[in-house]
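# Fold and geometry: a report
Here are the chains, one letter per residue:
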Amino acid sequence: MKQPPRPRPAFVLAIAAVLLVAGCDDMTKQRKQNPYASRATAPGEVPGGTVQYGETASPVPPVTMALLERGRTEYHVFCASCHAETGDGHGMIVQRGFPAPPPLAMSSPAASRPQFLYDVVTGGRGMMYGFAQRIEPGDRWAVVAYVHALQRSQHMVLADLTPEQRAAP
Ligand code: HEC
């Protein structure tokens, strides 16, 4: 029986080369994002809905009930898994083996300064990762206010009280 003629290797190579070149040509023409074409924001400007990394300067909002409630929500979402709802440091992740943070209420006076708390939430500390990309600056201050309230609710010192509060029964 007569065999069909086998294609010669050179011929196969030539076809492959043509396909390859054609493929490259298509790739240069296909629809794609050109990162240099245009910018939605000016250089250095932060696009809406995103959080700038490494940001520290942010106005400190006045502590209101609404801010504390926002802070409580954020704390429960982002912090309680390690620090626990009470701040004692025995959250679920710690119960599963993560190193325990110190109880928030036992923090030294320096560690309960709002700016210190804000910087820890922003950039992390030791084993704790930062939340710069997850919590926007305004909400970080809300968390700070809530953590501060949590600390004071468990570790109040006499000097924190006004003379009227001290005199109260
Ligand atoms: C994955 C676990 C984890 C999460 C989530 C976490 N932390 Fe921490 N945090 C730690 C650990 C561990 C330390 C101790 C770090 C060290 O000193 O090495 C710490 C330390 C701190 C400190 C410093 C305490 C001190 O006295 O030095 C503060 C304040 C704090 N965290 C607040 C927060 C807040 C607020 C959140 C939520 C936005 C948060 N943490 C989320 C694990 C966590």
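A quick note: this is a predicted structure, and the numbers were derived from the prediction, not measured.

So, how was this worked out
- Within every chain, residues take consecutive numbers counted from 1 along the sequence as written.
- Side-chain atom pairs in this predicted model are given and counted only at pLDDT of 80 or more, local residue features only at pLDDT of at least 70, and totals for whole chains, interfaces and linings cover all residues.
- Water and hydrogen atoms were dropped before computing side-chain values, which therefore reflect all heavy atoms in the structure.
- Only N, O and S atoms count as donors, using a 2.8 Å cut-off from the metal and 3.2 Å for Na, K and Ca, and because water is excluded some sites may appear unfinished.
- By the criteria applied here, four donors are tetrahedral when all angles lie between 85 and 135 degrees, four are square planar and six octahedral when opposite donors are over 155 degrees apart and every other angle lies between 65 and 115, and any other arrangement is irregular.
- Numbering of helices and strands runs from the N terminus, with a helix taken as a DSSP run of H or I at least four residues long and a strand as a DSSP run of E at least two residues long.
- Three exposure classes are used, based on accessible area relative to the maximum for each residue type with a 1.4 Å probe and protein chains only: buried under 20%, partly exposed in between, and exposed over 50%.
- By definition in these notes, contact holds between two residues if any of their heavy atoms fall within 4.5 Å.
- Here a Phe, Tyr or Trp ring, Trp counted by its six-membered ring, pairs with any other such ring whose centre lies within 6.5 Å, and the pair is stacked when the planes are under 30 degrees apart, edge-to-face when over 60, and tilted otherwise.
- The rule for a residue being near a molecule or strand is that one of its heavy atoms must lie within 4 Å of it.
- Throughout this description, a polar contact denotes any pair of N or O atoms lying within 3.5 Å of each other; where both atoms belong to protein, one of them has to be capable of donating a hydrogen while the other can accept it, and for residues adjacent in sequence the pair is counted only when both atoms sit in side chains.
- Note on definitions: the grid is 1 Å and covers protein atoms alone; a cavity is a set of points where a 1.4 Å probe fits but cannot get out; a pocket is an open set with protein on both sides within 12 Å along at least five of seven lines; lining residues have an atom within 4 Å of a point.
- In this scheme, a molecule is assigned to a cavity or pocket if more than half of its atoms are within 2 Å of the grid points.
- In this classification, the charged set is Asp, Glu, Lys and Arg, the nonpolar set is Ala, Val, Leu, Ile, Met, Phe, Trp, Tyr, Cys and Pro, and all remaining amino acids, among them Gly, are polar.
- Helix axes are fitted only over the stretch in contact, all axes being lines through C-alpha atoms; the angle between N-to-C directions runs from 0 to 180 degrees.
- If an angle is under 35 degrees, it is roughly parallel; if it is over 145, roughly antiparallel; if it lies from 65 to 115, roughly perpendicular; otherwise it is oblique.

On to the coordination of the iron atom of the ligand, then. Taken together, His83 (NE2) and Met128 (SD) make up the protein donors of the iron atom of the ligand, found 2.0 to 2.2 Å from the metal. One way to put it: the six donor atoms around the iron atom of the ligand meet at angles of 84 to 178°, and that makes the site octahedral. A residue pair is termed long-range when its members are at least 10 positions apart, and His83 in helix H3 (residues 80–83) and Met128 in the loop between helix H5 (114–123) and helix H6 (137–154) qualify at 45 residues. His83 sits in the buried class, given a relative accessible area of 13%. Met128 sits in the partly exposed class, given a relative accessible area of 27%.

This paragraph deals with H5. Of all the residues in H5, the buried ones are Leu117, Tyr118, Val120, Val121 and Thr122. Elements in contact with the buried residues of H5: H6. Just downstream of H5 lies Gly124, where phi reads positive at about 80°.

Here we come to the packing of aromatic side chains. Counted according to the given criterion, the structure contains four aromatic pairs. Pairing Tyr118 with Trp141 gives two aromatic rings, centres 4.2 Å apart and planes at 20°, and the pair type is stacked. Residue Tyr118 is found in helix H5, and its partner Trp141 is found in helix H6; the two are separated by 23 residues along the sequence. In terms of burial, Tyr118 and Trp141 fall into one category: buried. Between the aromatic rings of Tyr129 and Phe131, the centroid separation amounts to 5.2 Å while the plane-to-plane angle is 45°, which identifies the pairing as tilted. On the accessibility criterion, Phe131 (6% relative accessible area) is buried. Chaining the aromatic ring pairs together yields one cluster made of Phe78, Tyr129 and Phe131.

Turning our attention to the site of the ligand. Neighbouring the ligand are 24 residues; Cys79, Cys82, His83, Ser107 and Met128 lie closest to it. At a separation of 3.3 Å, an oxygen atom of the ligand approaches a polar side-chain atom of Arg125. Between an oxygen atom of the ligand and a main-chain N or O atom of Met127, the distance comes to 3.4 Å. More than half of the atoms belonging to the ligand lie within 2 Å of the grid points that define the largest pocket. Within the residue set of the shell around the ligand, elements represented by two or more residues are H3, H5 and H6. Its residues placed into classes, the shell around the ligand shows 19 nonpolar, four polar and one charged.

What follows concerns the packing of helix H2 (residues 65–78) against H6. Running from N to C, H2 and H6 cross one another at 90°; their axes reach a closest spacing of 7 Å. One way to sum up the angle between H2 and H6 is to call them roughly perpendicular. Contacts between H2 and H6 involve Leu67, Leu68, Arg70, Gly71, Arg72, Glu74, Tyr75 and His76 from the first element and Asp139, Trp141, Ala142, Val143, Ala145, Tyr146, Val147, Ala149 and Leu150 from the second. Its residues placed into classes, the contact of H2 with H6 shows 11 nonpolar, two polar and four charged.

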